[in-house]
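# Examining the three-dimensional arrangement
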Amino acid sequence: MTTAAETRVVLYTREACHLCEDARAVVEKVCESSGTAWREVDIDSAPELRDKYGEYVPVLEVDGVQQGFWRVDGARLARLLA
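Below, the structure is looked at part by part. Keep in mind that what you see is a predicted model, and the values were worked out from it rather than measured.

### Let's talk about unusual backbone geometry
The omega torsion of the bond from valine 57 to proline 58 falls at 0°, within 30 degrees of zero and hence cis. Tracing the backbone through its elements, the reader meets proline 58 in the loop between α2 (47-53) and β3 (59-62). Within the chain, aspartate 63 stands out as a residue other than glycine whose phi angle is a positive 55°. Relative to the helices and strands, aspartate 63 is located in the loop between β3 and β4 (65-69).

Rendered as structure tokens:
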């Protein structure tokens with residue numbers, strides 16, 4: 001089991017979000033290819049996350065730094081993880 005400290009990629013999402021589904025597919029593929037641990041967090045699970053990210057989901061974070069929102073570029077994510 002991967003701990004939060006070992007998780008390099010966090011994808012903030014919410015249910016019924018088509019952009020989140022697209023982002024999840026990209027993150028899964030790139031992280032699997034690179035052997036990188038990642039996790040998904042539903043922003044609706046915590047009011048502070050919902051307030052912070054609102055309509056900007058999906059939000060991608062790598063090594064604790066926000067790298068973008070709405071769309072995830074697989075090539076850019078792969079470069080960040082190299």
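### Notes on the pairing of β4
Across 4 bridges, β3 lies against β4 in antiparallel orientation. The partner of valine 59 across the bridge, within β4, is phenylalanine 69. Following β3, the chain reverses through 2 residues before pairing antiparallel with β4; aspartate 63 in that reversal takes a positive phi of roughly 55°.

### Things to note about the pairing of strand β1 (residues 9-13)
Counting buried positions along β1 yields 5 of 5 residues, so the element is predominantly enclosed. Residues Val9, Leu11 and Thr13 of β1 are buried on one face, and the alternating residues Val10 and Tyr12, pointing to the opposite face, are buried as well. Regarding topology, helix α1 (residues 18-34) serves as the crossover connection from β1 to the parallel strand β2 (residues 38-42), and that connection is right-handed. Pairing of β1 with β3 involves 4 bridges; the strand directions are antiparallel.

Rules used in this analysis
- Residues numbered from 1 in each chain as written.
- Predicted model: local features only at pLDDT ≥ 70, side-chain atom pairs only at ≥ 80, totals over all residues.
- Heavy atoms only, no water.
- Helix = DSSP H or I, 4+ residues; strand = E, 2+ residues; numbered from the N terminus.
- Pairing = 2+ DSSP bridges.
- Buried < 20%, exposed > 50% of the residue type's maximum accessible area, 1.4 Å probe, protein only.
- Right-handed = clockwise from strand over helix to strand, strands pointing away.

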